[in-house]
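Here is what each chain is made of, one letter per residue.
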Amino acid sequence: MIVVSHRGPERFEATTSGGFTRHRGAGGVISALRPLLAGADAKWVAAAISTDDRAAVAAGAATSEDFDLHLLALDEDDHRLHYDVVSNAVLWFLHHGLFELPRRPAFDRHFAEAWDAYGRVNEAFAAEIAANAAEGETVLVQDYHLALVPAALAQRRPDLQVAFFQHTPHCGPNSIGVLPDRVATDLLASMARCAAGFHSPRWARAFEVCHEMVLGSAPAGGTFATPLGIDPDALTANADGAEVAAEAKNLDEAIGDRKAIVRVDRIEPSKNIVRGFRAYDLMLEEHPEWRERVVFVALVYPSREGLAEYLAYRQEVEQAAQRVNDRWATGDWQPVILDAHDTYPRSLAGLRRYDVLLVNPIRDGLNLVAKEGAFLNRHDGIVALSREAGAFDELGDAAVPVHPYDLTQTAEALHQSLAMEPAERHARATRLQELAAVHTSRDWLDDLVRRAEGVSAA
Ligand code: G6P
């Protein structure tokens, strides 16, 4: 089997002695897929992301103990245009509904060049796959960075069994028309060259409707919805580790005997972090009984800082947290603890500890954190969950729904979650934990392979 993703399972760091150390690749897709495929004799094709990755490729050191790793040292300009401009500033914004349409996007000659670069990067991936795939091999292409790979493979290697899985939502028919015509046509046509998968039937349906509208037919490769799940054993083993215990102790000291609202997110506009703080502020205003009795622990970490929007958003997040603290803090109470250098062990400690986990994205393909939290929590914690997250399909019955744009509703959802009687908290938390483990990451991978091979769900 060949797995294909923009970020790879390993990243490399140059050492002062001229060698390289190997580390686990970043990002949710990698943390889910890596343990499943390690040692399974899989080939993995990915991009060299950092300067050190590129140096490791040049030195022949970009290898893995767990995979047959093919790291591509792409043309640097092409790669930047592919990642910053097309993937992140356009496709990510499109599918998450982040465009400010009166101002952006405006597709000019610079974008046309970036789109060509996106095509060349996708071609480079397809060429590497084509050169290394056995006859009829299964190829699992991950995410919006690589949406043109199915079409390129259909040309080069029609014998391969391909599935494409998009981890983001898919935009609807009103939004697809924002893209230049040839961009929309090429993307939709490529994804339809194979089975196209999403975390939620909502996104699969949106893709179908876009395809019908733009290309006048249903996608020939078919669509499927299969949500990524957690790996219960790996997650438990990680959360039981010594580092998490140490972080849990620090967290307990910071929270004291107060209630804890926790969030764990990349600093990312679609995660709606600023409205989360504003809703908390409103709750403190409307429900004075919570003042000094609750702490909002925001465990966040920087992301995509090559884009001005993300740098600006980080400032907005910091300012929004500061405003709440300026308004409400007392001598021995800091209402928001903002940690923008979050680490994985600290996140896991936060997920074990929360009384309320706030997950309020504007739109989210799945949101694995919601499932990880529901599964790991040991505090009869409640998940306050945006209806616009794919994970709402599975957790919605036991979660407290959040309307991501409605601050008043979000404030009430936080209040209701904090104020819930112990018996109801316990019942909901137990149910959340069950629901979070219904679909495991193994189920997801098995389904993806079946779809690539043209078999419907089990
Ligand atoms: C989302 C995407 C992933 C991506 C991750 C981190 O989860 O679906 O494909 O890897 O965000 O984003 P980054 O741009 O840092 O890879």
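Each residue is numbered by its place in its chain's sequence as written, counting from 1. Owing to the predicted nature of the model, reporting of local features is limited to residues with pLDDT of at least 70; listing and counting of side-chain atom pairs is limited to 80 or more, with chain, interface and lining totals taken over all residues. By convention in this description, side-chain values take in all heavy atoms of the structure and omit both hydrogens and water.

## Re the sheet that holds strand 10 (residues 259-266)
Through backbone hydrogen bonds, the strands of a sheet pair up, either in parallel or in antiparallel fashion. Taken together, the six strands give an open sheet; going across it, the order is 12-11-10-13-14-15, and neighbouring strands pair in parallel fashion. Every other strand in the sheet has two partners, leaving strand 12 (336-339) and strand 15 (400-402) as the edge strands with one partner each. Within the sheet, the average angular offset between the axes of one strand and its neighbour, ignoring direction, is 20°. Strand direction decides the pairing type here: strand 10 and strand 13 (residues 356-359), joined by two bridges, are parallel. Its bridge partner lying in strand 13, Ile-261 is registered against Val-356. Any two residues whose heavy atoms approach within 4.5 Å are treated as being in contact. For every element, the axis is a line fit to its C-alpha atoms; helices are fit only across the contacting stretch, and the angle between N-to-C directions ranges from 0 to 180 degrees. Secondary structure elements are taken from DSSP: a helix is a run of H or I of four residues or more, a strand is a run of E of two residues or more, and numbering for both begins at the N terminus. Together, strand 10, strand 11 (294-301) and strand 12 form the strand contacts of helix 10 (residues 242-255), whose direction differs from that of strand 11 by roughly 140°. Sheet strands touched by helix 13 (residues 344-353): strand 10, strand 11, strand 12 and strand 13. Its angle to strand 10, the strand with the most contacts, is close to 140°. Pairing between strands is defined by DSSP: at least two bridges between the two strands are required.

## Examining the packing of helix 7 (residues 181-191) against helix 8 (residues 201-215)
The geometry of helix 7 relative to helix 8 is characterised by a closest axis approach of 10 Å and an angle of 125° between their N-to-C directions. With respect to helix 8, the axis of helix 7 lies oblique. Crossing handedness for the pair helix 7 and helix 8: left-handed. Counting all contacts with helix 7, which are made through Thr-185, Leu-188, Ala-189 and Met-191, the residues of helix 8 involved are Phe-207, Cys-210, His-211, Val-214 and Leu-215. Small angles under 35 degrees read as roughly parallel and large ones over 145 as roughly antiparallel, with 65 to 115 read as roughly perpendicular and the rest as oblique. Two helices cross in a left-handed way if the nearer one is turned anticlockwise from the farther one by less than a right angle. They cross in a right-handed way if the turn is clockwise.

## Topic: the site of the ligand
Whether a residue is near a molecule or strand is decided by its heavy atoms; if any one of them lies within 4 Å of it, the residue is near. All residues in the neighbourhood of the ligand are listed as Arg-7, Val-29, Tyr-83, Trp-92, Asp-143, His-145, His-167, Arg-266 and Arg-304. Here a polar contact is taken to be a pair of N or O atoms separated by no more than 3.5 Å, where protein atoms must pair a possible hydrogen donor with a possible acceptor and residues adjacent in sequence count only if both atoms sit in side chains. The separation between an oxygen atom of the ligand and a polar side-chain atom of Asp-143 is 2.5 Å. Taking Arg-304, its side chain carries an N or O atom lying 2.7 Å from an oxygen atom of the ligand. Contact with the protein chains removes 85% of the 370 Å² of surface that the ligand exposes when unbound. When residues are sorted by character, Ala, Val, Leu, Ile, Met, Phe, Trp, Tyr, Cys and Pro go into the nonpolar class, Asp, Glu, Lys and Arg into the charged class, and all the rest, Gly among them, into the polar class. Its residues placed into classes, the shell around the ligand shows three nonpolar, two polar and four charged. Note on areas: Shrake-Rupley, 1.4 Å probe, and residue coverage restricted to the protein chains presented here.

## Some thoughts on the nonpolar core
Only buried Ala, Val, Leu, Ile, Met, Phe, Trp, Tyr and Cys residues count toward a nonpolar core, and they belong to the same one when joined by side-chain atoms within 4.5 Å. Relative accessibility decides the category of a residue: with a 1.4 Å probe and only protein chains considered, values under 20% of the type maximum give buried, values over 50% give exposed, and everything between is partly exposed. Counting residues in hydrophobic clusters, the biggest one holds 96 residues, and the most contacted among them are Phe-277 and Tyr-280. Looking at this core element by element, the count peaks at seven residues for strand 11. Shared between two domains, this core takes at least three residues from each, and those domains are domain 1 (74-229 + 442-452) and domain 2 (232-436). In this structure Phe-277 touches Phe-296, Ala-298, Val-317, Ala-320, Ala-321, Val-324, Val-336 and Leu-338, once residues within four positions along its chain are discounted. In this entry, domain limits derive from an automatic or database-based domain assignment.

## Structural notes on the pairing of strand 2 (residues 10-14)
Relative to strand 3 (residues 20-24), strand 2 runs antiparallel, the two sharing five bridges. Looking at strand 3, one finds that Phe-12 is bridged to Arg-22.

## Regarding empty space enclosed by the protein
With a 1 Å grid laid over protein atoms only, a set of points is called a cavity when a 1.4 Å probe fits there but cannot get out and a pocket when it is open yet has protein on both sides within 12 Å along at least five of seven lines; lining residues have an atom within 4 Å of a point. Grid points are joined across faces, edges and corners, and a volume is the space filled by probe spheres set on the points. Across all of its chains, the model carries one cavity of 30 Å³ or more by this definition. Volume-wise, the largest cavity comes out at about 70 Å³. As for the largest cavity, its lining consists of Leu-91, Leu-94, His-95, Tyr-144, Ala-147, Gln-166, His-170, Ile-176, Leu-179, Leu-187, Leu-188 and Met-191. Every element with two or more residues in the lining of the largest cavity is listed here: helix 3 (76-96) and helix 7. Tallied by class, the residues present in the lining of the largest cavity amount to nine nonpolar, three polar and no charged.

## Here's the deal with the layout of surface pockets
One number sums up the size of the second largest pocket: a volume of about 760 Å³. Forming the walls of the second largest pocket are 28 residues, and the residues nearest its centre are Phe-93, Leu-98, Glu-100, Arg-104 and Glu-309. The set of elements that each furnish at least two residues to the lining of the second largest pocket consists of helix 3, helix 4 (109-132), helix 11 (273-286) and helix 12 (308-328). Element by element, the count of residues in the lining of the second largest pocket is highest for helix 3, at five residues. A class-by-class count of the residues in the lining of the second largest pocket yields 17 nonpolar, three polar and eight charged. For the lining of the second largest pocket, the domains that each give at least three residues are domain 1 (74-229 + 442-452) and domain 2 (232-436).

## Considering the domain arrangement of the protein chain
When the parts come together, some accessible area is lost, and that loss is often what is quoted as the size of the interface. For the protein chain, the assigned domains are domain 1 (74-229 + 442-452) and domain 2 (232-436). A C-alpha centroid distance of 31 Å is found between domain 1 and domain 2. Counting from both sides, the interface comprises 26 residues of domain 1 and, opposite them, 23 residues of domain 2. Here the quantity called buried area is the total loss of accessible area, with a 1.4 Å probe, experienced by two parts when brought into contact, counted for both. Around 1,700 Å² of area is buried between domain 1 and domain 2 when both sides are counted, 56% of it from carbon and sulfur atoms. It is Trp-92, His-96 and Arg-202 in domain 1 that bury the most area against domain 2; as a group they hold 27% of the surface buried on that side. Within this document, salt bridges are pairs made up of a side-chain nitrogen of Lys or Arg and a carboxyl oxygen of Asp or Glu, the two lying within 4 Å of each other. One can count two salt bridges joining domain 1 with domain 2. The salt bridge involving Arg-202 is made with Asp-393; its shortest N-O contact spans 2.9 Å. Run the count over domain 1 and domain 2 and you get nine residue pairs in polar contact (both at pLDDT 80 or more). For the side of domain 1 that touches domain 2, the secondary structure elements donating two or more residues are helix 3 and helix 8. No other element matches helix 3, which puts nine residues into the side of domain 1 that touches domain 2. The residue makeup of the side of domain 1 that touches domain 2, split by class, is 13 nonpolar, 10 polar and three charged.

## Some details on the packing of helix 11 against helix 16 (residues 407-419)
Close contact between helix 11 and helix 16 brings their axes to 8 Å; oriented N to C, the two are set at 65°. It follows that helix 11 is roughly perpendicular to helix 16 by the angle criterion. Crossing handedness for the pair helix 11 and helix 16: right-handed. Contacts between helix 11 and helix 16 involve Arg-275, Arg-278, Ala-279, Tyr-280, Leu-282 and Met-283 on the former and, on the latter, Leu-407, Thr-408, Thr-410, Ala-411, Leu-414, His-415 and Leu-418. Residues that form the contact of helix 11 with helix 16 fall into these classes: eight nonpolar, three polar and two charged.

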